[in-house]
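Close look at the chain arrangement
These are the residues of each chain, in order.
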Amino acid sequence: MRFDSVPAAQLRAELADTAAAAEEAGVAWVSVMDHYLQMEPAGLPADDPMLEAYTTLGYLAGVTENVELGVLVTGVTYRYPGLLAKIVATLDVLSGGRAVAGLGAAWYEREHLALGVPYPPLAERFERLEETLQICGQMWDPTNDGPYEGRHYRLAETLCRPQPLVRPQIMVGGSGERKTLRLVAQYADACNLFASTPDEVAHKIDVLRGHCDDAGRDLATVRITVLHGGAQLLTGDVAGFVDEMATYRALGVETVILRPPTTSLAAWVRDAVHPAVAPVADLG
């Protein structure tokens, strides 16, 4: 979610209105970005509003009933992994079992430096991501409260009470073929790819299939999602959007996550997204 043009005093109402519009439309998923600052590399001023992600999701848990709630995605550097697993478990309990754990290697150096958060080299961030995936799995296993010993993280206990009501799906965001998609195959329940072109997505899925084969896993057990700009919806071209989604559905994509424009989010959901939800759902 983005709130570039919404005054701070109105953010709470805008969030609630957007969530209500999403549930009324039958949207299955609502997510927020996890950043300390707005994304300057994406052309957004760093001093534009950026709410803290899990506080926001806790609020959304209280004003929704059906949508899945997650972050797209949490950089592995942002929170210690044991604490992150505890936060997501709490979100799952308070949302009635609707939490999704989106994870990535982190990339936005400025926000780390701005708030004094260590920003290790890329190779180390991927090592930390893998350990975080392992820690989340252990924290959400009610039969294993024992220690975790990794290269970067050491937990004396992995006690997490209450446990999630439903073990949160773990989503790894990104399309890197050597590391990211390998981690999806080894640890994740879902991936998130950029909907660049159907051919590119098909290639990424083929790469993921190879990693799944290496891991002894069936690709069908991975929920494949794509992040899409939804440009057709802004012009009212629902048929064009549905046709494109049919192409992705044929590739095995289960979920499309729309990137909102800089506008009233509630109005965007009602006016642009709502008309496309049922036709896309009919694709199966």
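A brief look at the structure comes next. (Residues numbered from 1 in each chain as written. Predicted model: local features only at pLDDT ≥ 70, side-chain atom pairs only at ≥ 80, totals over all residues. Heavy atoms only, no water.)

1. Points about the layout of surface pockets
Quick reminder of the rule: Only protein atoms enter the 1 Å grid, on which a cavity is a set of points fitting a 1.4 Å probe that cannot get out and a pocket is an open set with protein on both sides within 12 Å along at least 5 of 7 lines, lining residues being those with an atom within 4 Å of a point. Grid points are joined across faces, edges and corners, and a volume is the space filled by probe spheres set on the points. The residue classification treats Ala, Val, Leu, Ile, Met, Phe, Trp, Tyr, Cys and Pro as nonpolar and Asp, Glu, Lys and Arg as charged. All others, Gly included, are polar.
Of the pockets and cavities examined, the second largest pocket occupies roughly 200 Å³. As for the second largest pocket, its lining consists of Val-76, Thr-77, Tyr-78, Arg-79, Tyr-80, Val-117, Pro-118, Pro-120, Arg-128 and Tyr-153. Here the lining of the second largest pocket is composed, by residue class, of seven nonpolar, one polar and two charged.

2. Some words on the environment of Glu-109
For the record, the criterion: Here a strand is any run of E in DSSP of at least two residues, a helix any run of H or I of at least four, and the numbering for each starts at the N terminus. Note on classification: 1.4 Å probe, protein chains only; a residue is buried when its accessible area is under 20% of the maximum for its type, exposed when over 50%, partly exposed between these limits.
If you trace the backbone, Glu-109 turns up in helix H4 (residues 109-115). Of the residues examined, Glu-109 reaches a relative accessible area of 42% and is grouped as partly exposed.

3. Quick look at the packing of helix H9 (residues 238-251) against helix H10 (residues 265-281)
Convention followed: Structural elements are reduced to axes, namely lines fitted to C-alpha atoms, with helices fitted over the stretch in contact, and the angle between N-to-C directions of any two is expressed from 0 to 180 degrees. In a left-handed crossing the near helix is turned counterclockwise from the far helix by less than a right angle, and in a right-handed crossing that turn is clockwise. In this description, contact between two residues means that some pair of their heavy atoms is separated by no more than 4.5 Å.
Taken N-terminus to C-terminus, the directions of H9 and H10 make an angle of 35°; their axes are 10 Å apart at the nearest point. Considering only the axes of H9 and H10, their crossing is right-handed. In this structure, H9 uses Val-238, Phe-241, Val-242 and Met-245 to contact H10, whose residues at the interface are Pro-275, Ala-276, Pro-279 and Val-280. Taken together, the residues of the contact of H9 with H10 sort by class into eight nonpolar, no polar and no charged.

4. Details of the environment of Ala-114
Inspection of the secondary structure puts Ala-114 in helix H4. The exposure class assigned to Ala-114 is partly exposed, which follows from its relative accessible area of 48%. Residues Ala-114 and Thr-197, 83 residues apart in the sequence, show an inter-C-alpha distance of 35 Å.

5. Some words on the nonpolar core
Here is the rule: The definition of a nonpolar core used throughout is a set of buried Ala, Val, Leu, Ile, Met, Phe, Trp, Tyr and Cys residues joined through side-chain atoms within 4.5 Å.
Residues Trp-140 and Leu-208 are the most contacted members of the largest nonpolar core, which totals 70 residues. In this structure Trp-140 touches Ala-85, Val-88, Ala-89, Ala-101, Cys-160, Gln-163, Pro-164, Arg-167, Pro-168 and Ile-170, once residues within four positions along its chain are discounted. Leu-72, Val-100, Ala-190 and Leu-227 belong to the second-largest nonpolar core, a separate cluster that totals eight residues.

6. Let's talk about the pattern of salt bridges
What counts is decided by this rule: Whenever Lys or Arg places a side-chain nitrogen within 4 Å of a carboxyl oxygen from Asp or Glu, that contact is recorded as a salt bridge.
Overall, the coordinates contain 14 salt bridges when judged by the stated rule. A salt bridge links Asp-34 to Arg-79, with the nearest nitrogen and oxygen atoms 2.6 Å apart. Placement of Asp-34 in the loop between strand E1 (29-32) and helix H2 (53-63) and of Arg-79 in the loop between strand E3 (74-75) and helix H3 (81-95) is noted, with a sequence separation of 45 residues between them. When the shortest N-O distance is used, the salt bridge between Glu-130 and Arg-182 registers 3.8 Å. A residue pair is termed long-range when its members are at least 10 positions apart, and Glu-130 in helix H5 (residues 122-139) and Arg-182 in helix H6 (residues 180-187) qualify at 52 residues. For Arg-182, a relative accessible area of 28% translates into the label partly exposed. Through salt bridges with shared partners, a single network forms among Asp-34, Glu-52 and Arg-79.

7. Some details on the state of the cysteines
Quick reminder of the rule: What counts as a disulfide here is a pair of cysteine sulfur atoms lying within 2.5 Å.
For the structure on display, the rule yields zero disulfides. With no disulfide of its own, Cys-160 lies closest to Cys-136 among cysteine sulfurs, the gap being 9.4 Å. For Cys-160, a relative accessible area of 0% gives the class buried. Cys-191 takes part in no disulfide bond, and the closest cysteine sulfur, belonging to Cys-212, lies 8.7 Å away.

8. Section: the packing of aromatic side chains
Where we set the bar: Working definition: a ring pair exists when centres of Phe, Tyr or Trp rings (six-membered ring for Trp) sit within 6.5 Å. Plane angles under 30 degrees give stacked, over 60 give edge-to-face, the rest tilted.
In the structure shown here, the tally under the stated rule is two aromatic pairs. Relative to Tyr-78, the ring of Tyr-36 has its centre 4.9 Å away and its plane inclined at 45°; by these criteria the two rings are tilted. One end of the pair, Tyr-36, is in the loop between E1 and H2; the other, Tyr-78, is in the loop between E3 and H3, with 42 residues separating them in the sequence. Judged by centre distance (5.1 Å) and plane angle (15°), the ring pair of Trp-107 and Tyr-108 falls under stacked. We classify Tyr-108 as buried; its relative accessible area is 3%.

9. A word on unusual backbone geometry
A cis geometry characterises the amide bond from Leu-72 onward to Val-73, with omega recorded as -15°. As for its placement among the helices and strands, Val-73 is situated in the loop between strand E2 (68-71) and E3. For the peptide bond that leads from Arg-161 to Pro-162, omega is 0°, which places it in the cis range. For Ala-106, which is not a glycine, the phi torsion comes out positive at approximately 75°. Tracing the backbone shows Ala-106 in the loop between strand E4 (99-104) and H4. Residue classification places Ala-106 among the buried positions, given a relative accessible area of 11%.

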